[in-house]
Amino acid sequence: MRLCLFFILFNGSVFSQVNYPKDYFCPPLDIPMQLSGNFGELRPNHFHAGFDLKTQQKEGLDVHAVADGYISRIKISTFGNGKTIYITHSNGYTSVYGHLQRASDSIENFIKKEQYKEQSFEIERYLKPGELVVKKGQIIALSGNTGASEGPHLHFEFRDNITENIINPMLFGFDKFMKDTKKPIVFNIYAYPIGEESIVNQSKRPLLLNLVLQKDGTYLADKVVANGKVGFGINTFDYDDVSFNKNGVYKVQSFCNGTPIFGYQFDTYSFDEMRYVNALIDYSMYKKTQQRVQKLFMILPYNLSFIKSDASNGVIAAQPNLTEQYRIEVSDFYGNRTQVTIPIVNDNLPVIIAKEPVSKYRVKAKNESNFSKENMSVFFPANTFYEDFNLNFDVKNDTLFLHTDIVPAHTNFTIEIEDHKFSETQKDKLFIGSLGSSKIGYNYTFRKGDVFSTKVKTLGKYALVLDVIPPKISIAKPIQGKWLTNNKFIQFTIADDLSGIKSYNGYLNGNWILFEYDNKTKKITHNFSDGIVAEGANELKIIVVDNCGNSTIFETQFFRSQKQ
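What counts and what doesn't
- Residues numbered from 1 in each chain as written.
- Predicted model: local features only at pLDDT ≥ 70, side-chain atom pairs only at ≥ 80, totals over all residues.
- Heavy atoms only, no water.
- Pairing = 2+ DSSP bridges.
- Helix = DSSP H or I, 4+ residues; strand = E, 2+ residues; numbered from the N terminus.
- Axes fitted to C-alpha atoms, helices over the stretch in contact; angles between N-to-C directions.
- Contact = heavy atoms within 4.5 Å.
- 1 Å grid on protein atoms, 1.4 Å probe; cavity = no way out; pocket = protein on both sides within 12 Å on 5 of 7 lines; lining within 4 Å.
- Points joined across faces, edges and corners; volume = space filled by probe spheres on them.
- Nonpolar A, V, L, I, M, F, W, Y, C, P; charged D, E, K, R; others polar.
- Expected span 1.5 Å × (residues − 1).
- Buried < 20%, exposed > 50% of the residue type's maximum accessible area, 1.4 Å probe, protein only.
- Arc of directions from axis to C-beta.

Novice: I'd like a rundown of the sheet that holds strand β9 (residues 100-103), residues and numbers included.
Specialist: Note: strands within a sheet are paired through backbone hydrogen bonds, in either parallel or antiparallel orientation. Judged by pairing direction, the sheet is antiparallel, and its three strands sit side by side in the order β5-β12-β9 without closing on themselves. Both outer strands of the open sheet, β5 (62-64) and β9, are each paired with one neighbouring strand and no more. Strand-to-strand twist across the sheet, computed as the mean angle between neighbouring axes with direction ignored, equals 40°. With three bridges joining them, β5 and strand β12 (residues 139-143) adopt antiparallel strand pairing. Bridge pairing links H64 to I139 in β12. Helix-sheet contacts for helix α1 (residues 105-118) involve β9 and β12, and the interaxial angle to β9 is about 90°.

Novice: Account for empty space enclosed by the protein, with residues named and values stated.
Specialist: As enumerated under the stated definition, the model contains two cavities of 30 Å³ or more in all. Taken as a whole, the largest cavity spans an internal volume of roughly 170 Å³. Along the walls of the largest cavity sit 19 residues, with N38, M170, D238, G248 and F333 positioned nearest its centre. Of the residues assigned to the lining of the largest cavity, the class counts are 11 nonpolar, four polar and four charged. Its boundaries defined by the atoms lining it, the second largest cavity holds a volume of some 80 Å³. The wall of the second largest cavity is formed by 13 residues, among which I76, K83, A103, E108 and I111 lie closest to the centre. Within the residue set of the lining of the second largest cavity, elements represented by two or more residues are β6 (69-76), β7 (83-88), β9 and α1.

Novice: For the layout of surface pockets, give the residues involved together with the corresponding values.
Specialist: In this model, the second largest pocket occupies a volume close to 1,200 Å³. If you trace the second largest pocket, you find 42 residues lining it, with E41, R43, P44, H46 and H48 closest to the centre. Where the lining of the second largest pocket is concerned, the elements lending two or more residues are β2 (42-43), β6, β7, β13 (153-160) and β19 (224-237). Here the lining of the second largest pocket takes four residues from β13, the largest share from any one element.

Novice: So what's going on with α1? Which residues, and what values?
Specialist: For α1, which comprises 14 residues, the first-to-last C-alpha distance of 20 Å matches the rise-based estimate of 20 Å (1.5 Å per residue) to within 8%. What α1 keeps buried is the set I107, E108, I111, K112, E114 and Q115. For α1, the angular spread of the buried residues around the axis is 165°, confining them to a single face. For α1, the exposed residues lying more than 90 degrees away from the buried face are D105, N109, K113 and K117.

Novice: Run through the pairing of β6, naming residues and quoting values.
Specialist: Extensive coverage of β6 is indicated by the burial of seven of its eight residues. Pairing geometry for β6 and strand β11 (residues 133-134), over two bridges, is antiparallel. Paired with Y70 across the two strands is V133, which belongs to β11. Sheet topology note: the β6/β7 ladder contains six bridges and is antiparallel. For K75, the partnering residue across the bridge sits in β7 and is T84. Remark: six residues form the turn of the hairpin made by β6 and β7, two consecutive strands paired antiparallel; G80 in that turn has positive phi of roughly 55°.

Novice: Tell me about the sheet that holds strand β44 (residues 516-518), and name the residues and values.
Specialist: Read across the open sheet, the four strands follow the order β40-β41-β45-β44; overall the sheet is antiparallel. The open sheet is flanked by β40 (472-474) and β44, the only strands paired with a single partner. This sheet shows a mean twist of 25° between the axes of neighbouring strands, independent of strand direction. In this structure, β44 lies alongside strand β45 (residues 523-527), joined through three bridges in antiparallel fashion. The residue bridging D518 from the neighbouring strand is K523, located in β45.

Structure (structure tokens):
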């Protein structure tokens, strides 16, 4: 009996259905809704958690609460979603608004008060139901470009109040605010021989298939001649009628002879599942070509909740004297669908393949592994990786060569380096750095005597790096001895070339002042509207410390009159 026809694990319908409220929430912006990113879109190391809404390439648009509720959380960060507001609603859901420029007056006053209390730009606060109540349509903030944003936009998402799972905003009726009549685009399809004794069209490597458009609008791929097991991968994206940029698809489903064998649909998932994007895609191909080919099979099953598969996990075993009909259907949320059919036949010829010798650095994904050479070692806990592989492991010229970043790690693993070369004073300035092609990456490093260790999630080159260079502080135009009466703010650039900035603090006449930090421009900004500046002379001090304890102090004096 064919593997693709038995032990189907689908329960009832392929994907579960939940009745979400369709008319409870209003749009968060006044302008027509346009997407620059959608829910489930494939991103580096994560699935996208919501909508990225275009803001006409500018900041400062009014952001509205999408329903009655209370602000339950405020997070101000230099990375991620930047300035973010969370509103909990009484119907069981929380709405999230990210990359904000600033909050509205009462909320912004609360944030500033907490920042001065904490003496930190980056804060995170959880609030009680009665503290900051908001009404549907109320302006809560202005849109911005803070955090890891690559341009002005509003990140908008929904979460379940109990599970904290993120939910596709389309399920709450937001599909009615946009139009989409376009079918998803299938960019390419790959056939993968699975296992050492499998080949596809005489190839042991993933094979790009030719697609021919049929009269009915579907696609037919060239016949796949397989000996052994085969799986398929798809590179696909979607357009809507108003945004004109590539978005992720909503649903992918594969069939063998009409029976569903592997599929997924982007309705909801947990934050713990985010990194499984690296298991879903062909990670090696992505690192080499930047193509995110989604694999419609699993060699070793992984726990991504929205994947539904049969007992073969999407793998096809071509049967002698039979033609298998493999079909892929790709859909968007509006039901527009693209279909690809792939005939599969068995070539019935014996395969003689020289097996790859088992390396002494063989990694078994389900087992823990510990490898060492000279003064360096690495420990991989069980389930660090998604599949077994032969690890390239070596130590040369005080550098650890730990494979290359073409095999994804799901969890942290530990690197240890023992040092007897640096002095005791120098040891306090050492960290284990990632040696990239153009720069050295800092990794938080523990030290116990002569042994340094760090936890990382990326394979590559590592070495001990000495950082004795202090950070830099600069200003575009000197303010020493000048009157700044007409200035609304003061701004500096802070940077560090090796270990990176750990902390920065500003003091005005001995009092701590808030400097907002933009990690994209490396600028810190203090607004005089905070009310700390004094009439007349002001003494300013800025202290910047890097991750190895090197520090720089900048001091200057300026004058300001509050009388306009």
